[in-house]
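Secondary and tertiary structure notes
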Amino acid sequence: MKFETVYKEIFPFWGKISDADRDYICQNSYAFTYPPGKNIHDGSECSGVILVRSGSLRLSMMSEEGKEITLYRLHKGDMCMLSASSVLNAITFDVQVNVEEESECFVISGPAFASVSERNPDIRIFALETAVSRFSDVMWVMQQILFMSMDKRLAIFLSDESARTGSDTIMLTHGQIARYMGSAREVVSRMLKYFAGEGIVEVSRGGVTILDKKRLRKLTL
C-alpha cells in the first residue's frame with residue numbers, strides 16, 4: 001500500500017495505466033535502507049528505477065585511468081533512470097551509484113518496469129523525459145569542467161550547496177568537494193585557502209562557512 005500511495009503522487013502516468021499494471025509495479029517494488037559508502041549500482045547490470053525517499057546518492061563515471069567524475073547527486077524525491085538500462089536501451093555507458101549518507105530508497109525492478117512500459121507509451125515518455133532532464137545536469141557538469149576557471153566552478157558549487165541545504169556552512173571535506181567537482185583535493189584546498197584569505201569563506205576541519213555571499217556570487221558570473 002505504501003508504494004501505491006507514493007507512486008500515485010509522483011508518476012504522472014499512474015492514473016492512465018490498468019489496475020493490473022499498477023499492481024505489477026508495486027509487487028516488484030522494494031524498500032531498502034542503504035548505509036553510507038555502499039555501491040548500489042556499478043553499471044554491470046540493470047539495478048532498476050531508484051526513488052530516493054531520504055538521504056543522498058551520487059552518480060559518477062570512472063575513466064580507464066581511474067579518474068572519477070561526479071555527474072550529479074540525488075536527494076529526497078529524486079529519481080534515477082540511468083541505473084535502469086533495461087528500461088532505456090539507448091544507455092550504452094556505465095554509471096556508478098554510491099550512497100553518500102544513509103538513504104531510504106524505493107527500487108522498482110528494471111525488467112518489471114520495462115515490461116509495463118512496453119504496453120504503456122505514457123511510461124516510456126516519462127522515462128525518457130526523466131533521463132533527458134538528468135542529461136542536462138550532466139552537460140552542465142561537462143561545461144564547467146571544460147570551459148570554466150576553478151575559482152568560478154568552486155564559487156558555483158558553494159553557492160548551489162548553500163542554497164540546497166539552506167545553510168551558510170557546507171559540511172563537506174575538501175576531498176568530498178573535490179570529488180563532487182571532478183577535481184583534485186589539493187587544487188580545491190588551494191582555492192579555498194585563497195577564498196579564505198580574501199574573506200569570502202572561513203575554512204575549518206568540518207567544512208566551509210560562507211562569510212561574504214555577495215562577493216562569492218560575483219565569482220559565479
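Structure first, text after, so check above.
Residues numbered from 1 in each chain as written. Predicted model: local features only at pLDDT ≥ 70, side-chain atom pairs only at ≥ 80, totals over all residues. Heavy atoms only, no water.

1. Considerations on the packing of aromatic side chains
This model, assessed by the stated rule, comprises 16 aromatic pairs. Ring geometry for Y7 against F106: centres 6.5 Å apart, planes inclined by 90 degrees, an arrangement best described as edge-to-face. Of this pair, Y7 sits in helix α1 (residues 2–10) while F106 sits in strand β6 (residues 96–108); the two residues are 99 residues apart in sequence, bridging distant segments of the chain. The exposure class of Y7 is buried, given its relative accessible area of 1%. Geometrically, the ring pair formed by Y30 and F32 is tilted, given 6.3 Å between the ring centres and 35 degrees between the ring planes. (Phe/Tyr/Trp six-rings, centres within 6.5 Å; stacked < 30°, edge-to-face > 60°. Helix = DSSP H or I, 4+ residues; strand = E, 2+ residues; numbered from the N terminus. Buried < 20%, exposed > 50% of the residue type's maximum accessible area, 1.4 Å probe, protein only.)

2. Things to note about the packing of α1 against helix α2 (residues 19–27)
When two helices pack together, their arrangement is given by the angle between their axes and by how far apart the axes lie. At a closest axis distance of 9 Å, the pairing of α1 and α2 adopts a crossing angle of 115 degrees. In this structure, the crossing between α1 and α2 has a hand that is right-handed. Here F3, E4 and Y7 of α1 lie close against α2, whose contacting residues are R22, I25 and C26. Here the residues of the contact of α1 with α2 are counted per class, giving four nonpolar, no polar and two charged. (Axes fitted to C-alpha atoms, helices over the stretch in contact; angles between N-to-C directions. Left-handed = near helix turned anticlockwise from the far one by under 90°. Contact = heavy atoms within 4.5 Å. Nonpolar A, V, L, I, M, F, W, Y, C, P; charged D, E, K, R; others polar.)

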